[in-house]
Structure formats: structure tokens, C-alpha cells
Amino acid sequence: MVAYATLAAFTFWLYAFGPALTLLRDELHFSYTVLGLYSVLWSGGAALAGAGFAVAARHLPRRALLWGSALATVAGAALFTLGSGITPTLAGAVVLGVAGTTLLAVVQAVLSDRHGARRDLALSEANVGAAACAVTAPLALGALAGSPAGWRAAFALPALALVALYLRYRGLPLTATPRPRDDRGTPPPPPRSGRLPPAARLFAALTAVGIAVEFCLVYFGTEVLVGTGLSTAAAATALSSNYLGLLVGRLAGAVLTRRPGRTVPLLHVSMAVTAAGFLLFWLSDHPAPAVLGLFVCGTGIANLYPLSVALTLGAAPGREDPANARTQLLGGLVTAAAPFLLGSLADAHGLTVAFTLEPVLIGAGILLLLTGLRARDRPAGGPPPP
């Protein structure tokens, strides 16, 4: 309950951030490149959190990491929304990236601790609530943008939820529980040191690429919809079609992963649906097909993150915390570079040309998935499978 609800609160901020940047750009009149800089700073903070998470997880209990990072995330949201001008809001983006990503990593660690080999199901279920908040966030932002409270009031909602969670569950122990033996009676592997296995590194890169595919749309999808004729407020609200697709896809993923062995086939299908939805969105000149494309793309993207994380952690038995940290580090680096590059290309050549980056990322994700599966299934010290 705590892990699911905390993830939902963080996700509200995460998915409100992109539409909020469009509204903030209307107020402060900065360029696409500066808009991309906000995402760079958030993602850079995420990379910093990933670089330090494994060390923090070794020295701090899960409960201290969870509530400490939750408090810091609230502070970052306050700085982003209450700061006046570009500089303090950029600083707020950095704090949101560092603290929010740490919060995300702790939630994933807690779920992995408690569910072991069935972490794919736990992560899929947790991300259903997150997807629901992804739908709610732009709707709340759009609704409050036209009210006396203003769009910034939406950023207070997750803070209130986290305060309520802390007051109710602050004494709940979140320490790792011993994992049961598997069906053959084999005990869980002890913690290991050294480098992550190749498969874990490849799956971590797959996770990062999936994040980049998603957040290029989150940060710039509103701008594309404005180009089809929608107003800024209407486009920010219409972006919720992508998040509705996320919700539908994750509901389906939570059902499908109840039976073991479906993670990899579902990832293949997700890649194909993502590509089809993006092409419809990218090539549309009118609002209706563009919004439909965002929805279809969202259903494909929905399960890329939770299932890629599950593959990453499953490929690093006894090294789950470093593998978890690697996903956040690479995710931060890739999502810092990709939206910033997209914004720079958009300033120079327009958004349509700039979005050529998305098919490149999707292709890279397919290659990483196939290569990671070969590395995972290769016998130790043996030749690659035919």
C-alpha cells in the first residue's frame, strides 16, 4: 500500500511537469532549448540519484530513504512552483530529479525485496496506480490553469498525499524480508560484489531508452498538438490521451503478468504498438488523429518501464540495488540528452524533423532487448545460443 501510493504521488509530479513547462513557457517566454534544459536538469538530478543510490541503500534503512526522499521531493516541487523566474524554477527541477528518482528507486527496491521473482507482477500493479495519476495530472493542471488557484496548485496535491501517508504509516517497517526458496527448494542467492552481469547492463540500457521515448513525448507532445491547431491549454489537456493509453496498457499488463513467463512477449508487443502509435501521431496534421496516435503510443509505452526494470533486477541476483541504481543512472543520462537534443533540433529545423529521434530510440530499444535476452540465456562461459 505505501509503495503503491508513494509511487502514485511521485508519478503525479512527473507527468504534470511536462505540461507545466508549456504553461511556464507562456509566462516566461523562453525558447525550446530552455524548455529542454528543464528536462536536462531533472534528468541530470535523476542520474545523480542513480549514481548514489546503491551506496545510500547499503548505509541507510529503507524507511529513512523513503521518507527522507519524499520530504526532499516536496521541497523540490515547492521550489519549482513558488520560485519566480527561470533560475529558481530550474533549481526546483534539479531537486525534483534527485529526490524524486531516489524515491522511485526506494519504492522499486521495496517491491523487489518483498516479491522476488514475481517482481514483474508487483511492478506492473504498482504502475497501474501511477498511470492513473499520469492521467489525472494534466487534467488537474489544465483545470486549475483556468481557475483563480492557478496551475501551481496542482503540484500541492501529491505533497498532501505524502503527508497523509507519513502520518498513517511512518512506523511501518520497510526492511528487506527474507525471500522464500523457489519451487525446487533453492535458497535465494547471497549478495554479490563486482560488475553487473552483461544482461543486467543491457536491460538497464533498455529501461533508459524506454524512459527517453516516453519523455520526449511528455515534454514536447503538447507543442506538437499546438501545431495541429489546439490552444495551449487544450493541448496540455489533450496530452492526457497519452496517459490514458498508459493506464489502459498497464491495466492489461497487470492482468497478463499474473501468469509467469509473459514478460518478454509483452515487451515485444509493446515495442510494436509504440512504433505504430508514434507514426500516427508524428505524421498527423489534424488534432483527432494526433491525439489518437498519442493514445496508441501510450498503450505501447505503458509496460516498457516496469517490465524492463523487472528484467534488469532479475538478471542481477544478489545485486538488485546496484542494478536498480544503474537503471536510474542511465535513465537520467539518456533522458537528459534526448529531450535536450530534440529541443535543439526543433529550434533549428522544426518539431516534425526533430521527432525523427523517436524512431531511432525505438529501434535502439528493440536491439537492446534482443541482445539482452541472448546474454541472459547464454550459458556461463559458453558460446552464444544459435
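Worth saying up front: this structure is predicted, and the values here are computed from it rather than measured. (Residues numbered from 1 in each chain as written. Predicted model: local features only at pLDDT ≥ 70, side-chain atom pairs only at ≥ 80, totals over all residues. Heavy atoms only, no water.)

### What about helix H9 (residues 240-256)?
Part 1: The terminal C-alpha atoms of H9 lie 24 Å apart, and with 17 residues this matches the ideal 24 Å at 1.5 Å per residue to within 8%.
Part 2: The complete set of buried residues in H9 reads Ser240, Ser241, Asn242, Tyr243, Gly245, Leu246, Leu247, Gly249, Arg250, Gly253 and Ala254. (Helix = DSSP H or I, 4+ residues; strand = E, 2+ residues; numbered from the N terminus. Expected span 1.5 Å × (residues − 1). Buried < 20%, exposed > 50% of the residue type's maximum accessible area, 1.4 Å probe, protein only.)

### Notes on the pattern of salt bridges
Part 1: Enumeration according to the criterion identifies seven salt bridges in this entry.
Part 2: Between Arg152 and Glu27 there is a salt bridge; the shortest N-O distance is 2.9 Å. With a gap of 125 residues between them, Arg152 in the loop between helix H5 (119-145) and helix H6 (156-169) and Glu27 in helix H1 (residues 2-28) connect regions that are remote in the sequence.
Part 3: Under the relative-accessibility criterion, Arg152 is labelled partly exposed at 28%.
Part 4: Of the charged contacts in the structure, one is a salt bridge between Arg62 and Asp113, with a shortest N-O distance of 2.9 Å. (Salt bridge = Lys/Arg side-chain N within 4 Å of Asp/Glu carboxyl O.)

### Observations concerning the nonpolar core
Part 1: Of all hydrophobic cores here, the largest spans 117 residues; its most connected members are Tyr15, Tyr38, Phe80, Phe155, Phe281 and Phe355.
Part 2: Excluding its chain neighbours within four sequence positions, the residues that come into contact with Tyr15 are Ala134, Ala137, Pro138, Glu214, Phe215, Val218, Tyr243, Leu246 and Arg250. (Core = buried A, V, L, I, M, F, W, Y, C linked by side-chain atoms within 4.5 Å. Contact = heavy atoms within 4.5 Å.)

### Observations concerning the packing of aromatic side chains
Part 1: One pass over the structure, following the stated rule, counts 15 aromatic pairs.
Part 2: Here the aromatic rings of Tyr15 and Phe215 are separated by 5.7 Å at their centres, their planes lie at 35°, and the arrangement is tilted. Highlighted residues: Tyr15 in helix H1 and Phe215 in helix H7 (residues 198-227), separated in sequence by 200 residues.
Part 3: By relative accessible area, Tyr15 is classed as buried at 3%.
Part 4: Taking the centre distance of 5.5 Å and the plane angle of 40° together, the rings of Phe80 and Phe155 count as tilted. Taken together, the residues span a long stretch of sequence, with Phe80 in helix H3 (residues 62-82) and Phe155 in the loop between H5 and H6 at a distance of 75 residues.
Part 5: By relative accessible area, which is 1% here, Phe80 ends up buried.
Part 6: Taken together, the ring pairs connect Phe10, Phe17, Phe30, Tyr38, Trp42, Phe80, Trp151 and Phe155 into an aromatic cluster.
Part 7: The ring of Tyr169 carries the charged tip of Arg168 above its face, separated from the ring centre by 4.7 Å. (Phe/Tyr/Trp six-rings, centres within 6.5 Å; stacked < 30°, edge-to-face > 60°. Lys NZ or Arg CZ within 6 Å of the ring centre and 35° of its normal.)

### Some details on the packing of helix H4 (residues 86-115) against helix H13 (residues 320-349)
Part 1: As a packed pair, H4 and H13 sit with axes 10 Å apart at the nearest point and diverge in direction by 145°. By crossing handedness, the relation of H4 to H13 is classed as right-handed. Contacts between H4 and H13 involve Thr101, Leu104, Ala105, Gln108, Ala109 and Ser112 from the first element and Glu320, Asp321, Asn324 and Gln328 from the second. (Axes fitted to C-alpha atoms, helices over the stretch in contact; angles between N-to-C directions. Left-handed = near helix turned anticlockwise from the far one by under 90°.)

### Side note on the environment of Gly277
Part 1: Structurally, Gly277 can be placed in helix H10 (residues 263-282).
Part 2: Note: C-alpha distance between Gly277 and Phe220 (57 residues apart in sequence) is 16 Å.
Part 3: Not counting residues up to four positions away in its chain, the partners in contact with Gly277 are Gly293, Val296 and Cys297.

### Things to note about the environment of Val309
Part 1: Looking at where Val309 falls in the secondary structure, it is placed in helix H12 (residues 304-314).
Part 2: Along the primary structure Val309 and Leu21 are separated by 288 residues, whereas in three dimensions their C-alpha atoms are 28 Å apart.
Part 3: With residues near it in sequence (within four places) discarded, Val309 still touches Gln108, Leu123 and Thr207.

### Structural notes on empty space enclosed by the protein
Part 1: Counted according to the given criterion, the structure contains three cavities of 30 Å³ or more.
Part 2: Of the pockets and cavities examined, the largest cavity occupies roughly 330 Å³.
Part 3: When residues of the lining of the largest cavity are traced back to their parent elements, those giving at least two are H1, helix H2 (32-59), H4, H5, H7 and H13.
Part 4: Tallying contributions element by element places H1 first for the lining of the largest cavity, with five residues.
Part 5: Of the residues contributing to the lining of the largest cavity, the split by class is 12 nonpolar, eight polar and two charged.
Part 6: Approximately 40 Å³ is the volume attributed to the second largest cavity.
Part 7: Around the second largest cavity, the lining residues are Leu206, Val209, Gly210, Val213, Met271, Thr274, Leu304, Leu361, Ile362 and Gly365.
Part 8: Among the elements of the structure, H7, H10 and helix H15 (357-377) are those that each provide at least two residues to the lining of the second largest cavity. (1 Å grid on protein atoms, 1.4 Å probe; cavity = no way out; pocket = protein on both sides within 12 Å on 5 of 7 lines; lining within 4 Å. Points joined across faces, edges and corners; volume = space filled by probe spheres on them. Nonpolar A, V, L, I, M, F, W, Y, C, P; charged D, E, K, R; others polar.)

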